[in-house]
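Here is how the chains run, residue by residue.
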Amino acid sequence: MSRPHGLLRAGYPYLRTLGMRRVIGYPTDVGWTDDGNALILMRSEGAASVRIWPIEDADLFTDDLKGFGSYGAGDGQMVWPVQLITDGEGHIYISDEATHRITRFDPDGQFVSKFGARGDSDGEFDGPTGISFDPDGNLVVVDSKNHRIQRYTVDGEYLGGFGSHGSEPGQLDLPWGVHVDELGDIYVADWGNNRFQAFSPEGELKIAVGKLGDGEAEFDRPTGVAVDAHGDIYVSDWGNNRVQMFNSEGHYLWSFRGDASLSRVARNYMLTNAMSNRLREMGRIEQEKYLRRPRSVRIDSDFRLFIPDYESYRVQIYQKDVVVLDRTQFAAPLRNPTLEVT
Amino acid sequence: MKSERALVAHLMRRAGFGATPSELDKLTMEKTYEEIVEDLVTPERFPALDQSFIDRYYGGEQVAVHVGKWLYRMANTQRPLEEKMSLFLHHVFPVAWGKGEHNPSIYNEIDMFRRIGLTDIRTILLELSHDPAMIFWLDNNENHKDEINENYGRELLELFSLGVGNYTEDDIKAASRAFTGWTFRQPLSLYPSGNYPTEFEFLADDHDYGEKIFLGETGTFDGGDIIDIIARQPATARFISRHLYNFFVEDEAQVPSWNTEPPRNAAAIEKMASVFTETGGQMRPVLREMFNSDFFKQAADFKKVKSPTELVVGVVRQTGEFNSPTPGIYQFALTTLDDSEVESTMAVMGQKLLNPPTVEGWHTGREWIDSGTLSERIRFVESQFEDVSKPGVREMVERVGSLHDDPAHLVSRCLDLLGGVRVSRHTYDSLVEYARGLASMKSGESAGVHNLLQMTASTVDYQFE
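Cut-off values and rules
- Every residue gets a number counted from 1 within its own chain, in the order that chain's sequence is written.
- For this description, chains carry letters from A and ligands carry numbers from 1, given in the order in which they are written.
- Thresholds applied to this predicted model are a pLDDT of at least 70 for local features of residues and 80 or more for the giving and counting of side-chain atom pairs; totals over whole chains, interfaces and linings are not thresholded and use all residues.
- Here a helix means four or more residues in a row that DSSP labels H or I, a strand means two or more in a row labelled E, and each is numbered from the N terminus.
- For the radius of gyration, the atoms used are the C-alpha atoms, and the globule rule reads 2.2 Å times the number of residues raised to 0.38.
- To sort residues by burial, count the other C-beta atoms lying within 10 Å of each one's C-beta; a count of 20 or more means buried, 12 or fewer means exposed, and anything in between means partly exposed. C-beta atoms are built from the backbone.
- A pair of residues counts as a contact when their C-beta atoms, built from backbone coordinates, are separated by no more than 7 Å.
- Definition of nonpolar core: a set of buried Ala, Val, Leu, Ile, Met, Phe, Trp, Tyr and Cys residues joined via C-beta atoms within 7 Å.
- Only Asp, Glu, Lys and Arg are considered charged, only Ala, Val, Leu, Ile, Met, Phe, Trp, Tyr, Cys and Pro nonpolar, and every remaining residue, Gly among them, polar.
- Here, a strand pair is defined by DSSP locating no fewer than two bridges between the strands.
- Working convention: axes come from line fits to C-alpha atoms, limited for helices to the stretch in contact. Angles between N-to-C directions cover 0 to 180 degrees.
- An angle below 35 degrees is treated as roughly parallel, one above 145 as roughly antiparallel, one from 65 to 115 as roughly perpendicular, and anything else as oblique.
- Crossing chirality is assigned from the near helix's rotation relative to the far helix, an anticlockwise turn below a right angle marking it left-handed and a clockwise turn marking it right-handed.

Visitor: Looking at this structure, how should I read the overall build of chain A?
Guide: Within chain A one finds two helices and 28 strands. The C-alpha radius of gyration of chain A comes to 20 Å, within 12% of the 20 Å expected for a compact globule of 342 residues. Principal-axis analysis of the C-alpha atoms places the extent of chain A at approximately 60 × 55 × 35 Å. Expressed as a percentage of the 342 residues in chain A, the buried residues total 44%. Of all intrachain contacts in chain A linking residues separated by at least 6 positions in sequence, the fraction that spans at least 24 positions is 48%.

Listed below in structure tokens is the structure:
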């Protein structure tokens, strides 16, 4: 699928919220299955697992909750999981920055294999965080404390890497999330440098956007990055409690700050909690819709944007609404700005 | 050497959480004692910890997670006195999470203590009186102009500033009236989306604007005016100075008995109180005076029992296990109050940070110690020094030398490497004997220098700061 010539950006409406406290605990990343479920990766001190939740939402009671994985260093367990991705066959891959490994699960959540060992040599990790598939089906892994990007086969064979520690363009400082687009370009959330950078498959820097701040195209510890099939780029801006959106050239478009409404399970829970309802009425309820410390952002092939709302125990979903434009509908780029606005 | 190693080690234990061997090397090589004191009371000279770096790795709802973050801060800060003062204020103004179970309030309170710990008594008491965690803890949200609640007014005078015997019941009533309408905004419910913070709110229509007589002064006082008057009182200067002396210099009697039990060193308290008064209740000059005094320098030997927090953080600093974010630091602080099935080591030792037992705080000094808590302290220390792969333990093992060195020298080096630990003659002789025994173990038996470190740290002497 090729990139469109242009887009009529009709809007980006909020779609729905999944989960609530006690049902989802500290969501740090999200993936999905072919049969319509979200795979919500949950992480806090002493607890780590994956919650399976229908993207269309559900009203599940705690006894009916589905998921897999548990806290620990054994096979199929995780201590500090960071990102979750799925391949074309439904296998699930999870990075763990405490055990320095990538674990593969089958579509039912059963442990299949793992690879990774601590170190700073080729083929070793010190805190693997972001993971993404490249167009060849290999794994691109952010090796955060070694400040570099590495590429592996899904079986853990080291294929190469690039990156060094620093703040110069192209250098990295405790990078976190990663996304490889369909062209093979590698987008990295450069956490310590408060920017995102895009690299060619060979590691050549293509764009670098951002500095510390809370304005447009400024960041306070960017965590995750995602790129959709139109080339639009999304970056979760952790400290600013938002997700920023850019076009494929790195031009800032807009921010998502959160529009949460009650999920079905939350709605039902609240019906039986009189005191909570009174407190919400007395408090500043507007706060409840905003994102809190998002640690990732993901977009699926249906252009649904998933934001794990880390400190609010839920996932917020938006739906991209665009019309693809051809050359007759979208003018060529202008060299200069103009006041002759039509 | 610009400063004496043992004295600097003593200073760093009291004003911070102890120094590693490398830190002591550097400090004593580069700075005089007085310069080190000046650095301690001027933490702005050193970079603050990056909270986002801590939050990146440590997340979760349990109070233990947040205590773990605080322990991490104590162990890794380059501003040790700033962190120690936040612990000091938590001891003096003890608010327990367990009453409201509202996490953001109690965490924000500790952040506030960190921010204001080295300011002045007026700022400290004013911030405290604006603090939602304190307001709820002592019921000032229920203190209305037509129905006063005296709880905060009473404790402000009794436990937080003047001390028993320096005010009357009428002063309590007047103070309470002055704080009517000082409340906080209702935070959202815990469900469905977790806790949200709250903030101070002044309700003008619930405040008593009438005339009050407080400590002999008359006026239409509000809470700020009451604090101004409190801050000027000689009793406040003595009370806060005694608190500082008790926390940093020498274990005193428990606070509730201070109106009947004289200070252990009245001259020291008077000297600190005079600096307090001369500087308008500034904390830095009082601390500078205290750390540079002879009474502080002479208080090294068995004058002060480590609190569980000081013990745990001191050990963690020495083992180096949490020099960078590593899973598990929260486990030191788990409590059954917080959905844990077991009490953690700090709870068994008698200190649940963020959950002090009463408004009096923890009873300190020798009251930290009974047969159960001492057993836990020694078990904890012994277990922490067991793993020679921990970077701090590895460094110490390398620096101690061979088991076949002179046993007395080995013991002396262990004591130095563990932060300049002072031990009694009896303990010293026992350790030398133990070192000799380790060296004579037959081949095939497992023994190493780390066993001597473990034994040294497991002595009762190590429990003193």
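Visitor: When you look at the overall build of chain B in this model, what are you seeing that I'm missing?
Guide: Scanning chain B from terminus to terminus reveals 24 helices and four strands. Taking 2.2 N^0.38 as the reference for a compact globule, 465 residues should give roughly 23 Å; the C-alpha atoms of chain B span a radius of gyration of 23 Å, in line with that estimate. Taking the principal axes of its C-alpha atoms as reference, chain B extends roughly 85 × 55 × 40 Å. Buried residues in chain B amount to 51% of all 465 residues. Across chain B, contacts joining residues at least 24 apart in sequence account for 72% of those joining residues at least 6 apart.

Visitor: What is the right way to read the nonpolar core from this model?
Guide: A general tendency of soluble globular proteins is for nonpolar side chains to be buried together. All names here are of chain B. Among the nonpolar cores identified, the biggest contains 125 residues, and Val67, Leu71, Ala175, Met272, Met290, Ala333 and Cys414 are the most heavily contacted of them. Top element by residues in this core is helix H5 (residues 63-76). It accounts for nine residues. Contacts of Cys414, omitting those with residues within four sequence positions, involve Val400, Leu452, Leu453 and Thr456.

Visitor: Please explain the interface of chain B and chain A as it appears in this structure.
Guide: Interfaces are often sized by the amount of accessible area the parts lose when they come together. Each partner contributes residues to the interface: chain B has 20 residues there, and chain A has 29 residues. By residue class, the composition of the side of chain B that touches chain A is 11 nonpolar, eight polar and one charged.

Visitor: Would you mind going over the pairing of strand S9 (residues 81-86) of chain A with me for this structure?
Guide: Strand residues, when the strand is regular, have side chains that alternate between the two faces of the sheet. All names here are of chain A. Within S9, five of the six residues are buried, which leaves it mostly tucked inside the rest of the structure. Note: S9 against strand S10 (residues 92-96), four bridges, orientation antiparallel. The residue of S10 that forms the bridge with Thr86 is Ile92. If you look at the hairpin formed by S9 and S10, you'll find five residues sitting between the two strands, and Gly90 has a positive phi there, around 90 degrees.

Visitor: Teacher, can you tell me more about the sheet that holds strand S11 (residues 101-105) of chain A here?
Guide: Strand pairing in a sheet is mediated by backbone hydrogen bonds. Such pairs are either parallel or antiparallel. Residue and element names in this part refer to chain A. If you walk across this open sheet you meet the four strands as S9-S10-S11-S12, and the pairing is antiparallel. Each end of this open sheet is capped by a strand with a single partner; those strands are S9 and strand S12 (111-115). Strand-to-strand twist across the sheet, computed as the mean angle between neighbouring axes with direction ignored, equals 20 degrees.

Visitor: Would you take a moment to explain the sheet that holds strand S16 (residues 158-162) of chain A for this structure?
Guide: Residues and elements named next belong to chain A. Spatially, S13-S14-S15-S16 is the arrangement adopted by the four strands of the open sheet, whose pairing is antiparallel. Of all strands in the sheet, those bounded by a partner on one side alone are strand S13 (128-133) and S16. Each strand of the sheet is rotated relative to its neighbour by a mean of 25 degrees, with strand direction disregarded. Bridge count between strand S15 (residues 148-152) and S16: four bridges; the pairing is antiparallel. Bridge pairing in S16 links Arg151 to Gly160.

Visitor: Just to check I follow, could you spell out the environment of Gly283 of chain A for this structure?
Guide: When you line up the elements, Gly283 of chain A lands in the loop between helix H2 (274-282) and strand S25 (298-299). For Gly283 of chain A, a count of 17 C-beta atoms within 10 Å puts it in the partly exposed group. The spacing of Gly283 of chain A and Phe133 of chain A is 150 residues in sequence and 44 Å in space, taken between C-alpha atoms. Setting aside its immediate chain neighbours within four residues, Gly283 of chain A contacts Gln186, Pro187 and Leu188 of chain B.

Visitor: I keep staring at helix H22 (residues 407-417) of chain B and nothing clicks. Help me out?
Guide: Every α-helix winds through 3.6 residues per turn, so residues three or four apart in the chain are directed the same way. Residue and element names in this part refer to chain B. Burial in H22 covers these residues: Leu410, Val411, Arg413, Cys414, Leu415 and Leu417. Contacts made by the buried residues of H22 are with helix H2 (21-30), helix H21 (391-400), helix H23 (425-439) and helix H24 (449-457). Phi turns positive one or two residues past the end of H22, at Gly419, with a value near 105 degrees.

Visitor: I would appreciate a short explanation of the packing of helix H14 (residues 234-248) of chain B against helix H15 (residues 266-278) of chain B in the present structure.
Guide: Between two packed helices, both the angle of their axes relative to each other and the distance between the axes serve to describe the pair. Residues and elements named next belong to chain B. The contact between H14 and H15 brings their axes to 8 Å, and the two run at 125 degrees. By the criterion of interaxial angle, the relationship of H14 to H15 is oblique. Relative to H15, the crossing made by H14 is right-handed. Of the residues in H15, those touching H14 at Pro234, Ala237, Arg238, Ile240, Ser241, Arg242, Leu244 and Tyr245 are Ala268, Ile269, Met272, Ala273, Phe276 and Thr277. A breakdown of the residues in the contact of H14 with H15 according to their chemical character gives 10 nonpolar, two polar and two charged.

Visitor: Would you mind going over the packing of H23 of chain B against H24 of chain B with me for this structure?
Guide: Residues and elements named next belong to chain B. Close contact between H23 and H24 brings their axes to 10 Å; oriented N to C, the two are set at 160 degrees. Taken together, the axes of H23 and H24 are roughly antiparallel relative to one another. Every pair of crossing elements has a handedness; the one defined by H23 and H24 is right-handed. Along its contact with H23, which presents Leu431, Tyr434, Ala435 and Leu438, the element H24 presents Asn451, Leu452, Met455 and Thr456. Residues that form the contact of H23 with H24 fall into these classes: six nonpolar, two polar and no charged.

Visitor: Even after reading the chapter, I still don't get unusual backbone geometry, so can you show me in this structure?
Guide: Here the residue pair Tyr191 of chain B and Pro192 of chain B is connected by a cis peptide bond, since its omega of 10 degrees sits within 30 degrees of zero. Among the structural elements, Pro192 of chain B can be located in the loop between strand S1 (182-184) and strand S2 (200-202). Although it is not a glycine, His147 of chain A sits at a positive phi angle of roughly 55 degrees. Considering the arrangement of structural elements, one finds His147 of chain A in the loop between strand S14 (139-143) and S15. Despite not being glycine, Phe303 of chain A shows a phi value in the positive range, around 60 degrees. Examined against the element boundaries, Phe303 of chain A turns out to sit in the loop between S25 and strand S26 (304-309). On the basis of neighbour counts, which here come to 16 C-beta atoms within 10 Å, the residue Phe303 of chain A falls in the partly exposed class.

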